[in-house]
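One letter stands for each residue in the lines below.
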Amino acid sequence: MPEPALFTTAPIDAPISAPIDALTIAQALRQAQQAGLERIDAQLLLLHLLGHNSRAWLLTHDDQLLTPAQAQQYAALCAQRLDAVPVAYLTGCKEFFGLPLQVDARVLDPRPDTEILVEWALEHMAPHTPCCVADLGTGSGAIALALQHQRPQASVTAVDVSADALAVAQANAQRLQLPVRFIQGAWLSRVDGVFDLIVSNPPYIRQDDPHMAALRHEPRQALTSGADGLDDIRTIAAQAPAHLHPGGWLLLEHGWDQAEAVQTLLRQAGFAHVSSRQDLAGQWRCTGGQWLNQN
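Attention here is on the structure that accompanies the text. (Residues numbered from 1 in each chain as written. Predicted model: local features only at pLDDT ≥ 70, side-chain atom pairs only at ≥ 80, totals over all residues. Heavy atoms only, no water.)

**Thoughts on the sheet that holds strand β7 (residues 181-184)**
The strands that make up a sheet pair up through hydrogen bonds in the backbone, lying either parallel or antiparallel.
Moving on, step 1. Here seven strands make up an open sheet; going across it, the order is β7-β6-β5-β8-β9-β11-β10 and the pairing mixed. Bordering the open sheet on either side are β7 and β10 (272-278), each of which pairs with just one other strand. Along the sheet, successive strands turn relative to each other by an average axial angle of 15 degrees, direction set aside.
Moving on, step 2. As judged from the six bridges shared by strand β9 (residues 244-253) and strand β11 (residues 284-291), these two strands associate in the antiparallel manner. Its bridge partner lying in β11, Leu251 is registered against Gly288.
Moving on, step 3. Across the sheet, helix α8 (residues 163-176) is in contact with β6 (155-160) and β7; its angle to β7 comes to roughly 175 degrees. (Pairing = 2+ DSSP bridges. Helix = DSSP H or I, 4+ residues; strand = E, 2+ residues; numbered from the N terminus. Axes fitted to C-alpha atoms, helices over the stretch in contact; angles between N-to-C directions. Contact = heavy atoms within 4.5 Å.)

Spelled out as structure tokens, the structure:
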């Protein structure tokens, strides 16, 4: 007997007038993958719907039946994911550096590659030693909160021009009970003080980049930065020296093909010991330099 259909010829998120026949977890996952979803996405959406967080649970309960309402809700979630809505927006959460963050369409979906920037920053934050750190363009607060969690003795300031983004980041900080300070402003324009370390994952995509279509559900202002994608990085590189102690570091995330250009920008701004780090795919994803000028 053929299995009942979850994905029909009608729009996947259209109201269902008649109840869907009994559908097991295994059948629902299989049909989602057949419709084009990645296996991990199909699993995460179903776990969210059913109120569980273990993928192993799905394997041990794969013969459990979904109710018609659950099947319809799952179909709607899958339709949105097939339309490129990030899974994090659909579930409302994303784990980053071991921290459960609440995220929505007001902020970027935190990427695993950004954890490389956090790891590099932690190398410049000695354990049990006070230091001052600024995270520019904090979004959901992912970087700032990860650094504060890993180095409780640090004084971490998170900056974003978007009031909506800051609302998300502040809610995450309150829920996680992490004492990050928040400032609304464009990069360092409204920030007082001097830091031992400045980190940023700024917008770095070209305005005409064809990949923007796949990112259409995320805030464009947090993604694109001028004709070559480097406008915001230029601004940060120019502003950072006035806000760094001698010996302090500036670390930036950027596009896979921008490392050489960002290195040049940092050297022109007077930074020393400029180098880049690779992401999980082996692409040069982060570049940083040390500020040695004491004048």
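**Quick look at the environment of Leu266**
Moving on, step 1. Summarising the element assignment, Leu266 is placed in helix α10 (residues 259-268).
Moving on, step 2. It is 6.7 Å that separates the C-alpha atoms of Leu266 and Gly289, two residues lying 23 residues apart in sequence.
Moving on, step 3. Setting aside its immediate chain neighbours within four residues, Leu266 contacts Ala237, Leu250, Leu252, Phe271, Val274, Thr287, Gly288 and Gly289.

**Focus on the packing of helix α2 (residues 39-50) against helix α4 (residues 68-82)**
Moving on, step 1. The contact between α2 and α4 brings their axes to 10 Å, and the two run at 140 degrees. Considering their axes alone, α2 and α4 lie oblique with respect to each other. Crossing of α2 over α4 shows right-handed handedness. Residues Asp41, Ala42, Leu45, Leu46, His48, Leu49 and Leu50 of α2 form the contact with α4, whose own contacting residues are Gln70, Gln73, Tyr74, Leu77, Cys78 and Arg81.
Moving on, step 2. Considered class by class, the residues forming the contact of α2 with α4 number eight nonpolar, three polar and two charged. (Parallel < 35°, antiparallel > 145°, perpendicular 65-115°, else oblique. Left-handed = near helix turned anticlockwise from the far one by under 90°. Nonpolar A, V, L, I, M, F, W, Y, C, P; charged D, E, K, R; others polar.)

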